[in-house]
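Working through the structure, step by step
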2 protein chains.
Amino acid sequence: MSVLPTKRVRIYDVAQAAGVSVATASKALNDTGRMTDETRSRVKEAASSLGFRPNAMARGLIQRRSFTVGLLTNDTYGRFTLPLMAGVSEALVDQGVSVFLCAIEDDPALAKIHVDAMLDKQVDGIIASGKRIDRQLPVDLTNLSVPVVYAFTKGPDDAVSLVSDDAEGSGEAVEWLQSLGRQRIVHVTGPKTFASVEERAGAYRASIGEGARVLYGTWSEQWGHEAVAQLWGEAAEKPDAIFCGNDQIARGVVDALRERGVAVPGDVSVVGFDNWEIVAAATRPPLTTIDMNLKELGREAGRLVLALAAGETVEPGIRKLPCQLVIRQSCGGVPRS
Amino acid sequence: MSVLPTKRVRIYDVAQAAGVSVATASKALNDTGRMTDETRSRVKEAASSLGFRPNAMARGLIQRRSFTVGLLTNDTYGRFTLPLMAGVSEALVDQGVSVFLCAIEDDPALAKIHVDAMLDKQVDGIIASGKRIDRQLPVDLTNLSVPVVYAFTKGPDDAVSLVSDDAEGSGEAVEWLQSLGRQRIVHVTGPKTFASVEERAGAYRASIGEGARVLYGTWSEQWGHEAVAQLWGEAAEKPDAIFCGNDQIARGVVDALRERGVAVPGDVSVVGFDNWEIVAAATRPPLTTIDMNLKELGREAGRLVLALAAGETVEPGIRKLPCQLVIRQSCGGVPRS
């Protein structure tokens, strides 16, 4: 019986106990790699005494693996890539896998150089990521010698792709506002040309039914100000809730309402989208918003690319991961346990 | 005479012409690595016809190099690391060097795992980076088998370290305000415990002389609001300029002034620090601010770690790189030159 029965013994526990790196420990257990017999025995004894049971991933870490994965992104701001990267890293680090970060902006030549460099280093796989889910990166990743997983960017139809479920997140936002008794909920969002905008607006319309109203604009605070000026300049009854397409718009909306003497959340509840901490937490009052769970998306991308690298079969297609409502103070209401 | 005399021929031009990766091209030219004679000849002919002259860095790319560098950071937000990473990548990519990004948060165990993984992959060097220049990362990087360069984090005294020149940046901010005729310039900044805060405040005091006034607080918009409430609640003559320790404070100051009916920049000029686009550009009016040139800092770190990896001698000590005033609209005035 293990001393710590609730904690799974991981490869790095074995590595630490044996005083070797994770990669060395893995190679030792798989009878691959170059090392002294003494080292190999020490690792095996450590594994045995700790009760280590290699999982499918760990079994995949066999010979001819470089223990590296490349993360390719054109999201130079890092707004989406950073949480994703954190998740990827979390999924891979205890397998001894390190991540090359390749920021390619929108430059095809630069992208090609990075991809060549990664292939040259025999990465075990590539995770392609971006700043919107309906655009491909400016580089062709089909027919590479290594597996590719697409996360928060558009991949070919037969690829393994991960995105957050925009419609589900939008539904959560509307449901929360309705549960607070809001009845005139307007949706102020980004450009119609973004797939995620139409996905969110569609789910909003489906939830609201009659009386749904969508204002399209840009992804900016400025647009939040303009939308409020437009809505409050009309003769019609004012909204009692505004569901915004991102946190920047929501911040503009909240500031514009305050400047008009409209109380948030007293008179109007506001929900954002993204849970971009720097914007959401600094808004007065701080934003209730939808988190796309990009870190979990990154973890899943890491797990999938390792599975593919280990030769496992992964069903192709688009996987949609659920979003999560993060409750701060811009709606009123208290967190649901 | 070259067809494009103004453009230096780089190793990746050679690689492209020969249809091989940068690393392969480099190895071919250095008579190292494994490849067919035909490939090696093709690369050499391409180099010759393009007039390629390998520089010191390229000559350093010899056998036993992994063409990888690790970037270790505890700046999970990515605020400082992302521009730095962009610079590092820019300096290295055309040398065929890829960058492992290792986000270690403030977790010594995680840091150790990442460092072991990098050493195991025989990185050519490590760049250590962080979120403040007066704290060491939670891992000992001395006595490693590979060179280490410290960029925007504290290193040992005998290390090669790069930081932005806070005092110089502070001087630029004050000089700009004075050139606009401002005479009552107050400095509203972050916690006294940050070395960069004292560095900036010291330079501010030295520039202003008599009448200098520093208000210490937190790195937040909220503190900007509080500082304005304090200053405008006093009987004394009001400031005609506020130099802020970061852009978040500056945004709070600008918002608080507007809410009091004080015109920015009409009545009061405001300068920020960081040039953090998402904050500086969204402020109304957009912030004039000091840019720490972190991308250039990253480029220099990349160049230095490659030089060290190539066995070149690099003088240890702290290198301070100049900041740059970025003029938007919160001060009035027009860009110089």
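Nothing here was measured: the structure is a model prediction, and the numbers come from that model. (Residues numbered from 1 in each chain as written. Chains lettered and ligands numbered in written order. Predicted model: local features only at pLDDT ≥ 70, side-chain atom pairs only at ≥ 80, totals over all residues.)

1. Description of the overall build of chain A
Going by this rule: By definition, any uninterrupted DSSP run of H or I lasting at least four residues is a helix, any uninterrupted run of E lasting at least two residues is a strand, and each is numbered from the N terminus. The exposure label follows from counting other C-beta atoms within 10 Å of a residue's C-beta, where the C-beta atoms are placed from the backbone and the thresholds are 20 or more for buried and 12 or fewer for exposed, leaving partly exposed in between. It is the C-beta atoms, placed from the backbone, that decide contacts: two residues are in contact if theirs lie within 7 Å.
In terms of regular secondary structure, chain A is built from twelve helices and twelve strands. Dimensions along the principal axes, computed over C-alpha positions, put chain A at roughly 85 × 50 × 30 Å. Classification of the 337 residues of chain A by burial places 51% in the buried group. Counted over contacts in chain A with a minimum sequence separation of 6, partners at least 24 positions apart contribute 73%.

2. Here we look at the domain arrangement of chain A
As a reminder of what qualifies: Start and end points for every domain follow an automatic or database-based domain assignment.
Along its sequence, chain A is organised into domain 1 (11-60), domain 2 (68-164 + 294-321) and domain 3 (166-292). Centre-to-centre, using C-alpha coordinates, domain 1 of chain A lies 52 Å away from domain 3 of chain A.

3. Digging into the environment of Gly51(B)
Residues and elements named next belong to chain B. Residue placement: Gly51 occurs in the loop between helix 3 (37-50) and helix 4 (56-60). Assessed through the 15 C-beta atoms surrounding it within 10 Å, Gly51 is described here as partly exposed. With 251 residues separating them in the primary sequence, Gly51 and Gly302 have C-alpha atoms 25 Å apart.

4. Considerations on the packing of helix 1 (residues 11-18) of chain A against helix 2 (residues 22-29) of chain A
Residue and element names in this part refer to chain A. Heads up, the condition is: Axes here refer to lines fitted to C-alpha atoms; in helices the fit is confined to the stretch in contact. Angles between the N-to-C directions go from 0 to 180 degrees. By the definition adopted for this analysis, an angle is roughly parallel if under 35 degrees, roughly antiparallel if over 145, roughly perpendicular if from 65 to 115, and oblique otherwise. In this classification, Asp, Glu, Lys and Arg are treated as charged, Ala, Val, Leu, Ile, Met, Phe, Trp, Tyr, Cys and Pro as nonpolar, and every other residue, Gly included, as polar.
Remark: helix 1 packs on helix 2, axes separated minimally by 8 Å, with the N-to-C direction vectors making an angle of 100 degrees. In terms of orientation, helix 1 and helix 2 fall into the roughly perpendicular class. Where helix 1 abuts helix 2, its residues Ile11, Tyr12, Val14, Ala15 and Ala18 lie against Val22, Ala25 and Ser26. Grouping the amino acids of the contact of helix 1 with helix 2 by side-chain chemistry returns seven nonpolar, one polar and no charged.

5. A short note on the sheet that holds strand 6 (residues 185-189) of chain B
Residue and element names in this part refer to chain B. Our working rule: Strand pairing is assigned whenever DSSP identifies at least 2 bridges connecting the two strands.
A sheet is described by the order of its strands in space; here six strands give the open sequence 7-6-8-9-10-12, paired in mixed fashion. Of all strands in the sheet, those bounded by a partner on one side alone are strand 7 (214-216) and strand 12 (324-326). Taking the axes of each pair of neighbouring strands and ignoring which way they run, one obtains an average angle of 20 degrees across the sheet. Sitting on the sheet, helix 7 (residues 166-179) touches strand 6, strand 8 (241-244), strand 9 (269-273), strand 10 (288-291) and strand 12, and the angle it makes with strand 9 is about 165 degrees. Where helix 10 (residues 247-259) meets the sheet, it contacts strand 6, strand 8, strand 9 and strand 10, and its direction lies at approximately 155 degrees from that of strand 9.

6. Observations concerning the sheet that holds strand 10 (residues 288-291) of chain A
All names here are of chain A. Here six strands make up an open sheet; going across it, the order is 7-6-8-9-10-12 and the pairing mixed. Because the sheet does not close on itself, it has two edges, and the strands there are strand 7 (214-216) and strand 12 (324-326). For this sheet, the mean inter-axis angle between neighbouring strands, taken without regard to orientation, is 20 degrees.

7. Considering the nonpolar core
The tendency in soluble globular proteins is for nonpolar side chains to be buried side by side. How we decide: A set of buried Ala, Val, Leu, Ile, Met, Phe, Trp, Tyr and Cys residues, joined to one another through C-beta atoms within 7 Å, is what we call a nonpolar core.
With 200 residues, the main nonpolar core has Val253(A), Val270(A), Val253(B) and Val270(B) as its most contacted residues. Setting aside residues no more than four positions away along its own chain, Val270(A) makes contact with Ile242(A), Cys244(A), Ala250(A), Val253(A), Val254(A), Val264(A), Leu287(A), Ser330(A) and Cys331(A).

8. A few points about helix 8 (residues 195-208) of chain B
Residue and element names in this part refer to chain B. Let me state the cut-off plainly: Here a helix's expected span is defined as the number of its residues, less one, multiplied by 1.5 Å.
The end-to-end C-alpha distance of helix 8 is 20 Å, a good match for the 20 Å that 14 residues give at a rise of 1.5 Å each. Buried residues in helix 8 make contact with helix 7, strand 6, strand 7 and strand 8. Positive phi shows up at Gly209, right after helix 8, with a value of about 75 degrees.

9. Brief notes about unusual backbone geometry
For the bond running from Arg284(A) to Pro285(A), omega is 0 degrees, close enough to zero to count as cis. Look at the link from Val264(B) to Pro265(B): it is a cis peptide, with omega at 5 degrees. Tracing the backbone through its elements, the reader meets Pro265(B) in the loop between helix 10 and strand 9. A positive phi angle, close to 55 degrees, is found at Asn293(A), a residue other than glycine. Counting through the fold element by element, Asn293(A) comes out in the loop between strand 10 and helix 12 (294-309). The buried category is assigned to Asn293(A), around which 20 C-beta atoms lie within 10 Å. In the Ramachandran plot, Phe67(B) falls in the positive-phi region, its phi being about 60 degrees despite a non-glycine side chain. With respect to the element layout, Phe67(B) can be found in the loop between helix 4 and strand 1 (68-73).

10. Re the interface of chain A and chain B
With 30 residues of chain A at the interface, the matching set in chain B holds 30 residues. By residue number, the principal contributor to the side of chain A that touches chain B is helix 6 (residues 108-120) of chain A, which donates six residues. Its residues placed into classes, the side of chain A that touches chain B shows 17 nonpolar, nine polar and four charged.

11. Observations concerning the pairing of strand 8 of chain B
Residue and element names in this part refer to chain B. The two faces of strand 8 match: Ala241 and Phe243 on one face and Ile242 and Cys244 on the other face are all buried. Relative to strand 8, strand 6 is paired through four bridges, and the arrangement is parallel. Bridging across to strand 8, His187 finds its partner in Phe243. Judged from the three bridges that link them, strand 8 and strand 9 form a sheet pairing that is parallel. By the bridge assignment for strand 9, Phe243 is matched with Val271.

12. Focus: the relation of the copies chain A and chain B
In plain terms, the rule: Copies are brought into register by a least-squares superposition over C-alpha atoms of residues with pLDDT of at least 70 in both.
Take chain A, turn it by 180 degrees, move it 0.0 Å along the axis, and it overlays chain B with an RMSD of 0.0 Å. Considering both components of the superposition, the chain copies are consistent with a two-fold axis. Ranked by how close their C-alpha atoms come to the rotation axis, the residues of chain A are headed by Phe100(A), at 2.1 Å. Both copies contact each other with a shared surface, as 100% of the interface residues of chain A are interface residues in chain B too.

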